[in-house]
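# Working through the structure, step by step
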Amino acid sequence: MRRLLTVSAILALCAASPALSQTTSTPQAVAAAQAAFTLAPLPYAHEALSPVIDAETMRIHHGRHHQAYVNALNGAVASTPALQGKSLDAILSEVSRHPAVVRNNAGGHYNHTLFWTLMAAPGLGGAPSPKLLAQINKDFGSLDAFKKAFETAGLQRFGSGWAWLIWSEGKLRVVSTPYQDNPLMDDAPVKGAPILANDVWEHAYYLKHQNNRGAYLSGWWQVVNWNKANALFDAAAR
Ligand code: MN3
């Protein structure tokens, strides 16, 4: 009789005895279990960002939208042997070879996972480090000029997408991507390491700001987690 194993049962078997798992689970089942992506909890309460993003938006955006990207990505991985066992970064680096369902949901999972960590309750996000601020001044003229460029990138993204600050070929650049695309994708027009990212899909701001994307973008600085951006910049610009 063929035994059906749940993912958690497979993982338990692997932990208990790698040798046993090789004989009782197919390689495909083990790879699928290892490749399963999960939704991490928010690093703060739903209402933590409420001066700019209301609690209900955070609940829906994280618990439903992001969860849906995770579920669809896991579904695509499970049905695509070439993707099994690959990290999210590895999938993004070859995403042009895969169907749109992989692009949209791998991008959606990566972008939102990063986005949550780039925000903090007002007053808790710190400030740009001296190193990051010096680079911002060098590449944009001033912090205010950078913020204006970033807001403009978000405002000018027609429809749904993202605004980014990236480290690209030795300088900071502001770019925008459509849908769930990001600057790590192998076919991105401008590639680079993300330092800041803001979601400008209407689902990110509509309940509080309705059609006023500009108010969301200008208010967003109150909840930016510069401590995280500083760490990303340190890692990218060695
Ligand atoms: Mn979103």
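Presented here is a report on the structure given in the accompanying data block. Going along each chain's sequence as written, the residues are numbered from 1 onward. Totals for whole chains, interfaces and linings use all residues, but because this is a predicted model, local features are given only for residues with pLDDT of at least 70 and pairs of side-chain atoms are given and counted only at 80 or more. With hydrogens and water set aside, each side-chain value is computed from the structure's full complement of heavy atoms.

## Considering the overall build of the chain
Summing up its helical and strand segments, the chain has 11 helices and three strands in all. Helix numbering and strand numbering both begin at the N terminus, where a helix is a DSSP run of H or I of at least 4 residues and a strand a DSSP run of E of at least 2. Walking the chain from its N terminus toward its C terminus, one meets helices and strands in the order α-α-α-α-α-α-α-α-β-β-β-α-α-α. Within the chain, the fraction of its 238 residues that count as buried is 45%. Only heavy atoms matter for contacts: two residues are in contact if any of them lie within 4.5 Å across the pair. Across the chain, contacts joining residues at least 24 apart in sequence account for 67% of those joining residues at least 6 apart. If you sum the accessible surface of the chain, you get close to 11600 Å²; carbon and sulfur atoms cover 57% of it. Only protein chains enter the calculation, and the probe is 1.4 Å; a residue is then buried if its accessible area is under 20% of its type maximum, exposed if over 50%, and partly exposed in between. Residue-level accessible areas treat just the shown protein chains as cover; the underlying method is Shrake-Rupley with a 1.4 Å probe.

## Describing the packing of helix H7 (residues 130–140) against helix H8 (residues 143–156)
Simply put, an axis is a line fit to the C-alpha atoms, just over the touching stretch for a helix, and the angle between two N-to-C directions goes from 0 to 180 degrees. Across the interface, H7 lies against H8 with an axial gap of 8 Å and an inter-helix angle of 70°. On the basis of their axis angle, the class for H7 and H8 is roughly perpendicular. Remark: the crossing between H7 and H8 carries left-handed chirality. Where H7 approaches H8, its residues Leu133, Ile136, Asn137 and Phe140 are matched on the opposing element by Leu143, Ala145 and Phe146. Split into classes, the residues belonging to the contact of H7 with H8 amount to six nonpolar, one polar and no charged. In these notes the angle categories are as follows: under 35 degrees is roughly parallel, over 145 is roughly antiparallel, 65 to 115 is roughly perpendicular, and the rest is oblique. Each helix crossing is assigned a hand: it is left-handed if the near helix lies turned anticlockwise from the far helix by less than a right angle, otherwise right-handed if that turn is clockwise. Residue type decides the class: Asp, Glu, Lys and Arg count as charged, Ala, Val, Leu, Ile, Met, Phe, Trp, Tyr, Cys and Pro as nonpolar, and the leftover types, Gly among them, as polar.

## Notes on the sheet that holds strand S3 (residues 193–199)
Spatially, the three strands line up as an open sheet ordered S2-S1-S3, and their pairing is antiparallel. One side of each edge strand has no neighbouring strand; the edge strands of this open sheet are strand S2 (171–178) and S3. Recorded for the sheet is a direction-independent mean angle of 20° between the axes of neighbouring strands. Two strands pair when backbone bridges link them, and strand S1 (residues 161–168) and S3 are joined in this way by six bridges, in the antiparallel orientation. Within S3, the residue paired with isoleucine 166 across the bridge is proline 194. Strand contacts of H7: S1 and S2, with the helix running at about 75° to S2, the strand carrying the most contacts. Paired strands, as defined in this entry, are two strands with at least two bridges between them according to DSSP.

## Re the environment of serine 87
Position of serine 87 relative to the elements: it lies in the loop between helix H4 (55–78) and helix H5 (88–92). Assessed through its relative accessible area of 40%, serine 87 is described here as partly exposed. Through-space distance from the C-alpha of serine 87 to that of alanine 36 is 9.8 Å; in sequence the pair is 51 residues apart. What qualifies as a polar contact is a pair of N or O atoms within 3.5 Å, subject to a donor-acceptor requirement within protein and to the restriction that residues adjacent in sequence count only when both atoms come from side chains. Engagement of the side chain of serine 87 in a polar contact is seen with the backbone nitrogen of alanine 90, the distance being 3.0 Å.

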